[in-house]
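# Examining the three-dimensional arrangement
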Amino acid sequence: MTVFVAPSLSYSLLAPILIVLGGAVITVVFEAFLSKAIRPVAQLSVTLGTLVLALVQVWRIRHESSLTAAMGSVAIDGPAILLQATVLILAVLGVFLIADNEHFTVVAATLPGSEEERASIQSGEKLTEVYPLTLFAVAGMMLFPIATDLITLFVALEVLSLPLYLMAGLSRRRRLMSQEAALKYFLLGAFSSAFFLFGAAFLYGYSGSVSLAGIYDAISGGTGNNVFLMIGIVFLSVGLLFKVGAVPFHAWTPDVYQGAPTPITAFMAAATKVAAFGAILRIFYTSFSNAYWDWRPILTVIAIITMVFGSVVAISQRDIKRMLAYSSIAHAGFLLAGVIALNKAGLDASIFYLFAYGVATLGAFAVVTLVRDSAGEVTDLNRWAGLGKRSPFVATIFATLLLAFAGIPLTSGFIGKFSIFSAAYESGNKLIVVVGVLSSAIAAYFYVRVIVLMFFTDPADDGTSVIIPSILTRATIISTFAITIFLGVFPAPFLNFISSTATFIR
Amino acid sequence: MTSNSLVYLIALPLFGSAVLLLAGRRSDRWGHILATVLSGSAFVVGLVQFAQMLGRSNDQRAVTQKLFSWISVGTFKVDASLMLDQLSICFVLLITGVGTLIHIYSIAYMSHDLDRRRFFAYLNLFIAAMLLLVLGDSYLNLYVGWEGVGLASYLLIGFWNQKPAYATAAKKAFVANRVGDLGLSLAIMISFATMGTVSFAGVKEQAGHASTGALTAIGIMLLIAATGKSAQFPLQAWLGDAMAGPTPVSALIHAATMVTAGVYLITRSNFIFDAAPTAQLLVAIIGAITLLFGAIIGTAKDDIKKALAASTMSQIGYMVLGAGLGPAGYAFAIMHLLTHGFFKAGMFLGAGSVMHGMDDEVNMRRYGGLRKFMPITFATFGLGYLAIIGVPPFAGFYSKDKIIEVAFNAGGIKGITLGGAALLGAAITAFYMTRVVILTFAGSKRWDDKAHPHESPALMWLPMVLLAVGSVTSGIIFTHGNSLQNWLAPVVATSPAHEGELLKPAVVSILALVLVLAGVGLAIMKYLRKPVPSEAPTDVSIFTRIARRDLLQDDFNEAVFMRPGQKLTEVLVATDELLVDGAVRGVAHITQSTGRTLGMTQTGFVRSYAMWILLGAIGLLATIWVVTL
């Protein structure tokens, strides 16, 4: 008879995730028991407090390194700390945007256009369910990149995805589109999760283990059935690549980015990418590293078509949110180039890129929330004409962020792209560098086109205007702008910090 | 030796320029005073340095100051450092000394100009840049000053840019200088490529190991740079037009200092030219051509400033010729540069004084008999005149005769040709300078009654007097006991001037004097004995007409460079629009339509999205299967 052994947990190392989950539970309780009047302020404070507390705890354990924090299910190491901190910082900036209730419907369950919907809006109440949802998603995003077995990975994947499906459907304006986006996201997410699970099963069949270390040992030993390994890697990759929006698993991205409330899009675009790429880096760098020559070709193909597809299709977009969605697809391709490099430089560059890209994305969507007319946000690009003349300050910030996306020097985007491509070049993958640079050139076209539209086209008198942002939104915009410039001009300290910290433990 | 005070030489005038430009109209009332004081302070710093230098032994005199590490890329390191040695101190004193006098002169000369403050700001900027040029310890540092003086020159030539012709003159000077600047930057690049260094000391050390081909290339590039800045053949055409600038500018920049930068560059690079005889010979030839070219143009000009400009071109030709004669000539080139700085600046200020009294009239045919109305101007101008034509014991006699003598002593056909040209040039110089003096100060009055010629105020004549003193005495001082030659010996290798002596110094002097007298006599016959028409006669020989048209220099440039250049740009623009832009537009068009086509995969139906995912998974499996097969 086996004796039950109590699991040993290192609570201090798990504390960041536990704090966020605890905060999420508190917000659920608040949602049930607090009066509607004080709920918005209370929920916002608890959410921000939780995130900041978790960030402080991440900082305190930054030098720790452990594989046994949760019985071998998670790894606490340099990349884990960096990615968790990135997710938390992006979450704080994202919550600043989410705090503007103007974007959210009041009762998500009401039928669009119905009497109940109108009544709920007229009641003047505010939606606060978004806070617990955000915290649960953040907890999932923090777990995803540190999980070291396939079961934990799958749990994390679902914990981060389910709240996002709901959040995508909360838009106040164009509710049908928003709900359609949520449903699409859910269906396709479920579909890809199935692939992920299927892949996990094959890998278990190959190695007899669900832990990344076990799979690594099996690959090193070379005793298993290689067909199982290949199918396992491919299907697991499908699930992961779906989350980052790589072609051809990207199709949800434009629809969801466009349909979701813009603050949610901002948070999702920035933080999900960090979490998913964190998981990809860990899995491919630690577990699959000895099967490099098997997965390198498929990821190379995916990276190339992702970069090219994202950049080329973005050119013909007429909607700013869809354009940014395709731009995020292209960036997923650039990031894959860092994964494929499979060297220390590639890891460092990817982490830097994730942070820089996440920050710039949040800032860009934050600006999108400001451009409105009487019916809500204006996302039609043609109506952004002349914005630079009416609101030079906001337009300048947006232009800077676009230049960062395009990878123009003196912005963080340049440093990110440069380090990613030099890492890829170092690893001998010249093809991907050439395609990457060419796609960047194509991508620069549509970023600069928006700048030209804003600054060199006469404004049309159609009621489009930039609203005065709330103090929190302003904080997000200004800090993202400052970080983008700072990392572009003075990246060395940050790069050094990453490269001295980021080492996977196996 | 190092010194901490070299930087003040540059910093003081630079500070003045910055204050005047940034303070704007607020400094209108005191700006010119500040600028003059700062220029004077720089002169004082220079004098102190000079005194300290005199106190050290001859091989210890050079001092350096490192300001900061400028460029550090791999093994390529350039410091922003200053170096003051026996050669640069000559220039420092000339620039700050004459510069300060001209600042003082300009206070009165520009007193009616609304933009006087801006004028002084540019003057200070020029002083700072010129000092950087002569103080830089590497070609790269020199280049910064080189471009700086180009900028100041451009700004000051076009100072009255409300007149389109003046703005065009500024542009012309700028473009011609750009051609020369290209030579300098190429020289810097070649020297870095072949020797791995661009500092004077480094290049001097490496010059012994470098190939003659590389050194010749560097030498020719430096020569091109010098012809641009110093208005030497074939880049001489801008100097005449540069007289559009206010007269003090012509005196300071386009006579005494900036235009001699080319001579400085060649002398400073003596280690290159001494190791590249072909380049050195070219320098001498260019000098000889230009000294005749300028002198001939000078005979045909009625505009007093343009006549003086042609004379400047010719005199710099002498200096370049001297510098092209190698170790025997460097010291005399510099000596002529310094004496010329005195007498030519003095004469330009004299011309300015005449214009000041004659309502800005520049046509000498409208002058005549002014000596009675402007005695001081006449006296100082006259002393400068005696110096330039080389009458002993005035300054020009010593410096110019030495160059002629060294030219003859170069030996063989080379010596006879160069020496002959220099001798002929001296005769022509005597002719056209006598013509200027006669037309302006002698003869009968030819101005109309509206003009009221009068002597200029003391602020103007005082600098003229001081410069005239220099014109009289500097030659004696520099040659007394070969003082300048010995002074410069550690910087430029000197050699005994009398190897293979062709003509004895006394013979050269007598020959030159005879020819000068002939020139003076011819001018007196032509312009003093006969009445001078107040309009230039039109029924003149083809030679006069060509000389009046500046020996067709502009026609040549227009036909050979400008028109073909315009055609070339037209063709290039058309090619750019059709081929390059066409290709770009085509690519953009293809990309856009590809984007639209690919965008159609975005149907909006979940079923088709799911199908993409499925197809993607199958595709990946297929890929991996093919790869691992």
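## What about the overall build of chain B?
The helix and strand tally for chain B stands at 24 helices and 2 strands. For chain B, buried positions account for 52% of its 629 residues. Residue pairs in contact within chain B that sit at least 24 positions apart in sequence constitute 81% of those at least 6 positions apart.

## Re the overall build of chain A
Scanning chain A from N- to C-terminus turns up 20 helices and 3 strands. In chain A, which comprises 506 residues, the proportion classed as buried is 58%.

## Describing the interface of chain B and chain A
Counting residues at the interface gives 23 residues for chain B and 29 residues for chain A. Those elements that provide at least two residues to the side of chain B that touches chain A are α23 (553-599) and α24 (606-628) of chain B. The element that contributes the greatest number of residues to the side of chain B that touches chain A is α24 of chain B, accounting for 14 residues. Here the side of chain B that touches chain A is composed, by residue class, of 12 nonpolar, 10 polar and 1 charged.

## Observations regarding the packing of helix α14 (residues 344-368) of chain A against helix α19 (residues 471-489) of chain A
Residue and element names in this part refer to chain A. Between α14 and α19, whose axes approach to 9 Å, the crossing angle comes to 140°. In terms of axis orientation, α14 runs oblique to α19. For the pair α14 and α19, the sense of crossing is left-handed. Packed against α14, whose contacting residues are A356, V359, A360, L362, G363, A366 and V367, the element α19 presents T473, T476, I477, T480, F481, I483, T484 and L487 at the interface. Residues that form the contact of α14 with α19 fall into these classes: 10 nonpolar, 5 polar and no charged.

## Section: the pairing of strand β2 (residues 76-84) of chain B
All names here are of chain B. Pairing geometry for strand β1 (residues 63-73) and β2, over 9 bridges, is antiparallel. From the neighbouring strand, I71 faces β2, where its bridge partner is V78. Where β1 folds back on β2, the antiparallel hairpin that results is connected by 2 residues, among which G74 adopts a positive phi of roughly 55°.

## Focus on the packing of helix α13 (residues 277-300) of chain B against helix α18 (residues 412-441) of chain B
Residue and element names in this part refer to chain B. The contact between α13 and α18 brings their axes to 9 Å, and the two run at 25°. Relative to α18, α13 is oriented roughly parallel. Our pair here, α13 against α18, has a crossing hand that is left-handed. For the pair α13 and α18, contact is made by A284, A288, L291, L292, A295, I296, G298 and T299 and by L418, A421, A422, L424, G425, I428, T429, F431, Y432 and R435, respectively. Residues belonging to the contact of α13 with α18 are distributed by class as follows: 13 nonpolar, 4 polar and 1 charged.

## Points about unusual backbone geometry
Cis geometry is adopted by the peptide bond preceding P248 of chain A, which originates at V247 of chain A and carries an omega value of 5°. By the secondary structure assignment, P248 of chain A is in the loop between α9 (226-244) and α10 (252-259). The omega angle of the peptide bond from P392 of chain B to P393 of chain B is 5°, so this bond is cis rather than trans. Assignment of secondary structure puts P393 of chain B in the loop between α16 (375-389) and α17 (395-408). The phi dihedral of R174 of chain A falls on the positive side, at around 45°, and the residue is not glycine. Along the polypeptide, R174 of chain A turns up in the loop between α6 (150-168) and α7 (175-207). We note that A231 of chain B has phi near 55°; this positive angle belongs to a residue other than glycine. Looking at the element boundaries, A231 of chain B is found in the loop between α8 (212-229) and α9 (238-241). Classification of A231 of chain B by C-beta neighbours within 10 Å gives buried; the count is 30.

## Some remarks on the sheet that holds strand β3 (residues 465-466) of chain A
Residues and elements named next belong to chain A. Within the open sheet, the 3 strands sit side by side as β2-β1-β3. Their pairing is antiparallel. For this open sheet the edge positions go to β2 (376-377) and β3, each flanked by a neighbour on one side alone. Sheet topology places strand β1 (residues 371-373) next to β3; 2 bridges connect them, and they run antiparallel. What sits directly across from R372, in β3, is S465.

## Description of the environment of T75 of chain B
All names here are of chain B. Looking at where T75 falls in the secondary structure, it is placed in the loop between β1 and β2. Taking the number of C-beta atoms within 10 Å as the measure of exposure, T75 has 7 and is therefore exposed. With 121 residues separating them in the primary sequence, T75 and G196 have C-alpha atoms 8.5 Å apart.

## Thoughts on helix α15 (residues 330-357) of chain B
All names here are of chain B. Taking 1.5 Å per residue, 28 residues should reach 40 Å; α15 reaches 40 Å between its end C-alpha atoms and fits that length. Taken across its 28 residues, α15 has 27 buried, putting it largely inside the fold. Of the residues trailing α15, D359 is marked for its positive phi of about 55°.

## Observations concerning the confidence of the model for chain B
Residues and elements named next belong to chain B. For chain B, the mean per-residue pLDDT works out to 88, and 98% of the residues sit at or above 70. Confidence scores differ between elements of chain B, with helix α22 (residues 542-548) showing the lowest mean pLDDT of 81 and helix α11 (residues 261-268) the highest of 94. As a predicted assembly, this complex carries a pTM of 0.67 together with an ipTM value of 0.92.

## Some points on the environment of T47 of chain A
Residue and element names in this part refer to chain A. Inspection of the secondary structure assignment puts T47 in helix α2 (residues 39-60). Accessibility expressed as a C-beta count within 10 Å gives 28 for T47, which makes it buried. With 44 residues separating them in the primary sequence, T47 and A91 have C-alpha atoms 9.8 Å apart. With near-sequence residues (within four places) excluded, T47 lies in contact with G23, T27, V95, Y131, T134 and L135.

Scoring rules and cut-offs
Residues numbered from 1 in each chain as written. Chains lettered and ligands numbered in written order. Predicted model: local features only at pLDDT ≥ 70, side-chain atom pairs only at ≥ 80, totals over all residues. Helix = DSSP H or I, 4+ residues; strand = E, 2+ residues; numbered from the N terminus. Buried ≥ 20, exposed ≤ 12 C-beta atoms within 10 Å, placed from the backbone. Contact = placed C-beta atoms within 7 Å. Nonpolar A, V, L, I, M, F, W, Y, C, P; charged D, E, K, R; others polar. Axes fitted to C-alpha atoms, helices over the stretch in contact; angles between N-to-C directions. Parallel < 35°, antiparallel > 145°, perpendicular 65-115°, else oblique. Left-handed = near helix turned anticlockwise from the far one by under 90°. Pairing = 2+ DSSP bridges. Expected span 1.5 Å × (residues − 1). pLDDT = per-residue confidence, 0-100.

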